[in-house]
Amino acid sequence: MTVHFIGAGPGAADLLTLRAQRLIAHSSVCLYAGALVPTEVLAHAPPGARLVDTQHLALDEIVAQLQAAHERGEDVARLHSGDLSIYSAAGEQMRRLDELGIPWDVTPGVPAFAAAAAALRQELTLPGVSQTVILTRHGDRATPLPDGEELASLAAHGATLVLHLAVQAIEKIVALLEPAYGPACPAAVVARASWPDEVVIRGTLSTIAGATRRAGIRRTAVIVVGRVLASREFCDSHLYSSMRVRGGDGEEVGP
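None of these values were measured; they are calculated from a predicted model.

1. Digging into the domain arrangement of the chain
Consideration 1: Taken domain by domain, the chain comprises domain 1 (3–107) and domain 2 (112–230).
Consideration 2: Placing a centre on the C-alpha atoms of domain 1 and another on those of domain 2 gives a separation of 28 Å.
Consideration 3: At the interface, nine residues of domain 1 touch 12 residues of domain 2.
Consideration 4: Summed over both sides, the interface between domain 1 and domain 2 buries roughly 800 Å², with carbon and sulfur atoms accounting for 69% of that surface.
Consideration 5: It is Pro10, Ile86 and Tyr87 that lose the most area in domain 1 upon contact with domain 2, and together they represent 61% of the buried surface on that side.
Consideration 6: Where domain 1 touches domain 2, the interface holds zero salt bridges.
Consideration 7: Taken together, the links from domain 1 to domain 2 amount to three residue pairs in polar contact (both at pLDDT 80 or more).
Consideration 8: Looking at the side of domain 1 that touches domain 2, its residues break down into seven nonpolar, two polar and no charged.

Spelled out as structure tokens, the structure:
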């Protein structure tokens, strides 16, 4: 028996990996967050599978479901929206399973920030503009950010900034970012990226909060800030340069 932690993607049912689909189809139990995982993904579960919506369950209750499946010898597909590597709250579940001696593995998924970039038709790293992406969140209504990771400190780098779980505090976020980026810095909000009701809002730090509020967006959104959003004047990367392509040395070279 294995608990398969699976990144179920940002929302669109066809943004599920083939491995994820196969594991769901071979698991007798499927735990999922009902508000974030579409029913089309659950359709991959085998007939008679036990489907458990975890959105109203506490950690102890979730672990109890996993332990009960282990005792029955049933594989579990534990679905998390996006990808497990960021803001999945999977780490504490994995720690509990280790303590209980229950085996588990991880299958990655398409993260929300990648779906947001796709909706924006945007590469988040451009040569000579920004080669760094900072993924972070806002800490007012959740676990506080560790020392040194305050938003103003991260903004000082001037890198492309992607904020998850933060749109409800967008006015406060703009106030923290403007001193470093400037009010004219391009900004965007993508709500429910890849879902049928996806909403994309573009603007600057001086306009994005108002536009977001007028659109009624208060959750399930990603905020993107940085010069890459409006830059069309950037140099070609070294990756496909004629000098590198014709060099023939066989070495892997970065952008």
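Additional details are given in the paragraphs that follow.
2. Details of the packing of helix H3 (residues 59–72) against helix H4 (residues 91–100)
Consideration 1: Contact pair H3 / H4: the axes reach a minimum separation of 10 Å and the direction vectors enclose 45°. One finds that H3 runs oblique with respect to H4. The handedness of the crossing between H3 and H4 comes out as right-handed. Along the contact surface, H3 presents Leu59, Asp60, Ile62, Val63, Leu66 and Gln67, while H4 presents Glu92, Gln93, Arg96, Leu97 and Leu100.

3. Describing the environment of arginine 219
Consideration 1: Structurally, arginine 219 is set in the loop between helix H8 (208–214) and strand S10 (221–225).
Consideration 2: For the pair arginine 219 and alanine 184, spaced 35 residues apart in the sequence, the C-alpha separation amounts to 24 Å.

4. As for the packing of aromatic side chains
Consideration 1: On inspection of all chains with the given rule, the structure shows one aromatic pair.
Consideration 2: When the centroid spacing of 6.0 Å and the interplanar angle of 85° are considered together, the rings of phenylalanine 5 and tryptophan 104 count as edge-to-face. Of this pair, phenylalanine 5 sits in strand S1 (residues 3–7) while tryptophan 104 is found in strand S5 (residues 104–107), placing the two residues 99 residues apart along the sequence.
Consideration 3: Judged by its relative accessible area of 0%, phenylalanine 5 is buried.
Consideration 4: On the basis of relative accessibility, which here comes to 28%, the residue tryptophan 104 falls in the partly exposed class.

5. Considering the sheet that holds S10
Consideration 1: The sheet built from five strands is open, its strands ordered S6-S7-S10-S8-S9 with mixed pairing. Two strands in the sheet have a free side with no partner beyond their single neighbour: strand S6 (133–137) and strand S9 (199–204). Across this sheet, the average inter-strand angle for adjacent strands is 20°, counted without regard to direction.
Consideration 2: Pairing of strand S8 (residues 186–191) with S10, which is carried by five bridges, proceeds in the antiparallel orientation. Each bridged residue has a counterpart across the sheet, and for valine 190 the counterpart in S10 is valine 222.
Consideration 3: Packed on one face of the sheet, helix H5 (residues 112–119) meets S6, strand S7 (160–164), S8, S9 and S10 and runs near 120° to S7.

6. Digging into the side chain of histidine 164
Consideration 1: With respect to the helices and strands, the residue histidine 164 is situated in strand S7.
Consideration 2: Under the relative-accessibility criterion, histidine 164 is labelled buried at 8%.
Consideration 3: The residues touching histidine 164, leaving out its near neighbours within four places in the chain, are Ile86, Tyr87, Ala112, Phe113, Leu135, Thr136, Arg137, His138 and Val222.

7. Things to note about the side chain of glutamine 93
Consideration 1: Along the chain, glutamine 93 turns up in helix H4.
Consideration 2: When its relative accessible area of 3% is taken as the criterion, glutamine 93 is described as buried.
Consideration 3: Separated by 3.4 Å, the side chains of glutamine 93 and histidine 80 make a polar contact.
Consideration 4: With residues near it in sequence (within four places) discarded, glutamine 93 still touches Phe5, Leu59, Ile62, Leu66, Arg78 and His80.

8. Description of the environment of glycine 34
Consideration 1: Within the fold, glycine 34 resides in the loop between strand S2 (29–32) and helix H2 (39–42).
Consideration 2: Overall, the relative accessible area of 27% leaves glycine 34 in the partly exposed class.
Consideration 3: Along the chain, glycine 34 and glutamine 55 lie 21 residues apart, while their C-alpha atoms are 6.1 Å from each other.
Consideration 4: Sequence-distant contacts of glycine 34, defined by excluding residues within four places in its chain, comprise Asp53 and Gln55.

9. Focus: the pairing of S10
Consideration 1: Where burial is concerned, most of S10 is hidden: five out of the five residues are buried.
Consideration 2: Side-chain alternation along S10 places Ala221, Ile223 and Val225 on one buried face and Val222 and Val224 on a second face that is also buried.
Consideration 3: Two elements, S7 and S10, share three bridges in a ladder whose sense is antiparallel. Paired with valine 162 across the strands is valine 224, a residue of S10.

Cut-offs applied
- Residue numbers here run from 1 along each chain, matching the order of that chain's written sequence.
- Local features in this predicted model are restricted to residues whose pLDDT is 70 or higher, and side-chain atom pairs enter the listing and the counts only when it is 80 or higher, whereas totals over whole chains, interfaces and linings include all residues.
- Note that water and hydrogens are dropped before the side-chain values are worked out from all heavy atoms of the structure.
- The source of the domain bounds is an automatic or database domain assignment.
- Note on contacts: a residue pair is in contact if any heavy atoms of the two residues lie within 4.5 Å.
- Joining two parts hides part of their accessible area as seen by a 1.4 Å probe, and the buried area is that hidden amount summed over both.
- For this document, the term salt bridge refers to a Lys or Arg side-chain nitrogen within 4 Å of an Asp or Glu carboxyl oxygen.
- Any pair of N or O atoms that falls within 3.5 Å is considered a polar contact. Within protein, one atom must be able to donate a hydrogen and the other to accept it, and sequence-neighbouring residues count only if both atoms are side-chain atoms.
- In this count, Pro and Cys sit with the nonpolar residues alongside Ala, Val, Leu, Ile, Met, Phe, Trp and Tyr, while Asp, Glu, Lys and Arg are called charged and the others, Gly among them, polar.
- Helix axes use the C-alpha atoms of the stretch in contact, all axes being lines fitted to C-alpha atoms, and the angles between their N-to-C directions lie in the range 0 to 180 degrees.
- We count a stretch as a helix when DSSP gives it H or I for four or more residues in a row; a strand needs E for two or more, and each element gets its number in order from the N terminus.
- Any angle between 65 and 115 degrees counts as roughly perpendicular, while under 35 counts as roughly parallel, over 145 as roughly antiparallel, and the rest as oblique.
- Left-handed describes a crossing in which the near helix is turned anticlockwise from the far one by less than a right angle; the clockwise case is right-handed.
- What counts as a ring pair is set by centres within 6.5 Å for rings of Phe, Tyr and Trp (its six-membered ring), and what kind of pair is set by the plane angle: stacked under 30 degrees, edge-to-face over 60, tilted for all other angles.
- For every residue, the accessible area (1.4 Å probe, protein chains only) is compared with the maximum for its type, and the residue is labelled buried under 20%, exposed over 50%, or partly exposed between those bounds.
- Should DSSP find at least two bridges between two strands, the strands are taken to pair.

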